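# A structural walkthrough
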Amino acid sequence: MFTILLTVTALWIAHSPLVDRRAHCSLLAEAVCRSPTPLCLAAKSRKKGRGIPKRANTRPKVGGFGRPSTSTLGADPAWAAFRAWLESEGGVADAIELADCGGGLRGLRTTRDVASGEPLLAVPRHLLLDEKRAEDSPVSGLWRTDEPNITTMGKLALALLHEARRVDSIFAPYIELLPSPEDFAACGPAALWDPHEVALAENAQLSTDSAQRRKGIADSPLLSDEELRADRWVELGLQGKPPTNDDVLWAVACITSRALGSAGLVPIADLANHNVPHNADRGIAPDGSAFLLVSRGRMKAGQQVFITYGNLPNLVLLSQFGFMLASNAVDMTLARCNELISTAHPFLLRNQADGEVAEWQPIGAQLRAALFELAENGALPPTLLLRDGAGDSSEVANNSVSALADAAYAEILRRSLASYSTTAEEDRVKLAAGGLPAREAAAIAFRMEQKERLLVELTGL
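Residues numbered from 1 in each chain as written. Predicted model: local features only at pLDDT ≥ 70, side-chain atom pairs only at ≥ 80, totals over all residues. Heavy atoms only, no water.

## Here we look at the packing of aromatic side chains
Using the criterion set out here, one finds six aromatic pairs in the structure. Each ring, one from F82 and one from Y174, has its centre 6.4 Å from the other, and the planes form 25°; the classification is stacked. Taken together, the positions of F82 in helix 3 (residues 77-88) and Y174 in helix 7 (residues 172-176) put the pair 92 residues apart, joining distant regions of the chain. Each member of the pair, F82 as well as Y174, is classed as buried. Look at Y309 and F321: their rings are 4.9 Å apart centre to centre, the planes differ by 50°, and that puts the pair in the tilted class. A residue pair is termed long-range when its members are at least 10 positions apart, and Y309 in the loop between strand 7 (304-307) and helix 14 (314-320) and F321 in the loop between helix 14 and strand 8 (334-336) qualify at twelve residues. F321 shares its class with Y309; the two are buried. Grouping aromatic residues by their ring pairs yields a cluster made of W79, F82, W85 and Y174. (Phe/Tyr/Trp six-rings, centres within 6.5 Å; stacked < 30°, edge-to-face > 60°. Helix = DSSP H or I, 4+ residues; strand = E, 2+ residues; numbered from the N terminus. Buried < 20%, exposed > 50% of the residue type's maximum accessible area, 1.4 Å probe, protein only.)

Okay, here's the thing in structure tokens:
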């Protein structure tokens, strides 16, 4: 997390007058703004019980997913109660409110002009649902006995399910604003989609990544074995009905899409949308006294608050969070390079988790460098030097190394485009027509963007 040089105790934040709390937060803010922004996981909160959007025919916009909503969310009684709860526990949230951010997205916006480096939010440590909180909870008896090596994600998911069933949970107002199972069923992280829904993207890497995330759930007895979990839940005397496997999937979706790094689930902060560039930093004091959201520059009243989830390509954003960016400067376009698996230099190409060279490689300078090295060594697969693998390769035998590498690169791009079942234009027409389920629309938008980038790269050769 952030390195914060100035430390303020939880007692100050919880019990000082409002003006003093802001002053202390401002001191912390100076250090936060000087620190690098870490990778974070987050998504948008939507109040349970409201309608799910039918409209899903445009490219996903800035971070997260949401639904059409009114323009007076900041005055919503549920939001007012939520903020009152936070401030009654020692938090500070007077500079921001829940807002309709357009395009069906809900997020945060400023309620007044904000100075550069001013704190937008302070959440006391005891309101963070993180791994320490999970370990200190009675629910930790599940993994201490049955699965001591369970992942942090698994611990947080079970802790969230435990808090959702406690009649006296301090997190009740926060849990009430979490996305419902119906929300996640409408879209949510692609890692939790059905395999046939992921397959609509026609991207082997997205399918592989999503399958690996689902496997992480399946390999954990506490997350996948409903009978075992129910027996242990009752034996430990935990409140409420033992969670079903569907309940576990909901909790995992919340953790996967909303947890802010090692801080875990942070009320209000995880409502902020993702964008590049972002206008707010986040950090936690070294002593764990508070979590802060701090402006990076001057902000006007009514301006949306953006954080960054990290410089992530759309493949990761869709798999982990359930959305994409229309203009993603760090996006990764993949091309099928099956001919290179047995010949390419492993340090020039992307590897799989097992260390083997991946079949699908990012296009661009790194792939071209690998092809150039193969051309220099006379190790380019002959089929890549011929259009559609036909003809006599002798006609290109005397070409320069650069020409051979470029020819192989162009052939990889052409074959990758030809591997799709539709063209980019056909996808564009289908999206424009509307009426698609949210997951199908997201998958089509993803594959359309991949094809468009392949076309641009091929045209530029």
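On we go.
## So, helix 16 (residues 401-418)
If you check helix 16, its first and last C-alpha atoms are 26 Å apart, about what 18 residues at 1.5 Å a residue would give, namely 26 Å. Inspection of helix 16 places L404, A405, A408, Y409, A410, E411, I412, L413, S416 and L417 among the buried residues, and these make up the whole buried set. Buried residues belonging to helix 16 abut strand 8, helix 15 (365-376) and helix 18 (438-459). (Expected span 1.5 Å × (residues − 1). Contact = heavy atoms within 4.5 Å.)

## Comments concerning the confidence of the model for the protein
On average, the protein scores 79 in pLDDT, and the residues at 70 or more come to 79%. Long-range and interchain partners of residues 1-71, a stretch whose pLDDT sits below 50, account for 215 contacts in this model, where long-range means more than four residues apart. Every residue in residues 388-395 is under pLDDT 50, and counting partners more than four places away or in other chains gives eight contacts. (pLDDT = per-residue confidence, 0-100.)

## Remarks on the sheet that holds strand 3 (residues 119-124)
The three strands lie next to each other as 3-6-5, forming an open sheet whose pairing is antiparallel. For this open sheet the edge positions go to strand 3 and strand 5 (280-284), each flanked by a neighbour on one side alone. Between one strand and the next, the sheet's axes are offset by a mean angle of 10°, whatever the strand orientation. Pairing between strand 3 and strand 6 (residues 290-295): five bridges, direction antiparallel. Counted as the bridge partner of L121 is L293 from strand 6. (Pairing = 2+ DSSP bridges. Axes fitted to C-alpha atoms, helices over the stretch in contact; angles between N-to-C directions.)

## Section: helix 10 (residues 204-218)
Here helix 10 is 15 residues long and its end C-alpha atoms lie 20 Å apart, about the 21 Å a rise of 1.5 Å per residue gives. Listed in full, the buried residues belonging to helix 10 are Q205, L206, D209, S210 and I217. Take helix 10 and look down its axis: the buried residues cluster within an arc of 130°, on one side only. Between a side-chain oxygen at the N-terminus of helix 10 and the backbone nitrogen of Q205 the separation is 3.1 Å; the capping residue is N203. (Arc of directions from axis to C-beta. Polar contact = N/O pair within 3.5 Å; in protein donor to acceptor, adjacent residues only side chain to side chain.)

## Thoughts on the packing of helix 15 against helix 16
Between helix 15 and helix 16, the shortest axis-to-axis distance is 8 Å and the interhelical angle comes to 130°. By the criterion of interaxial angle, the relationship of helix 15 to helix 16 is oblique. For the element pair helix 15 and helix 16, the recorded crossing hand is right-handed. Packed against helix 15, whose contacting residues are L367, R368, L371, F372, A375 and E376, the element helix 16 presents V401, S402, L404, A405, D406, A408, Y409 and I412 at the interface. (Parallel < 35°, antiparallel > 145°, perpendicular 65-115°, else oblique. Left-handed = near helix turned anticlockwise from the far one by under 90°.)

## A word on the sheet that holds strand 1 (residues 96-100)
Judged by pairing direction, the sheet is mixed, and its four strands sit side by side in the order 1-2-7-4 without closing on themselves. Lying at the two open borders of the sheet, with one neighbouring strand each, are strand 1 and strand 4 (273-274). Alignment of strand 2 (residues 106-110) against strand 7, held across two bridges, turns out to be antiparallel. Among the inter-strand pairings, R109 is bridged to a residue of strand 7, identified as Q304.

## What about the environment of V167?
Mapping V167 onto the fold places it in the loop between helix 6 (152-165) and helix 7. By relative accessible area, which is 79% here, V167 ends up exposed. A C-alpha to C-alpha distance of 8.0 Å links V167 and Q239, two positions 72 residues apart in sequence.

## With respect to the pattern of salt bridges
What the rule picks out here adds up to 30 salt bridges. With a closest N to O distance of 2.7 Å, R439 and E197 form a salt bridge. With R439 in helix 18 and E197 in helix 9 (residues 195-199), this pair connects stretches of sequence that are 242 residues apart. One salt-bridge network, in which partners are shared between bridges, spans E131, E135, R144 and K155. (Salt bridge = Lys/Arg side-chain N within 4 Å of Asp/Glu carboxyl O.)

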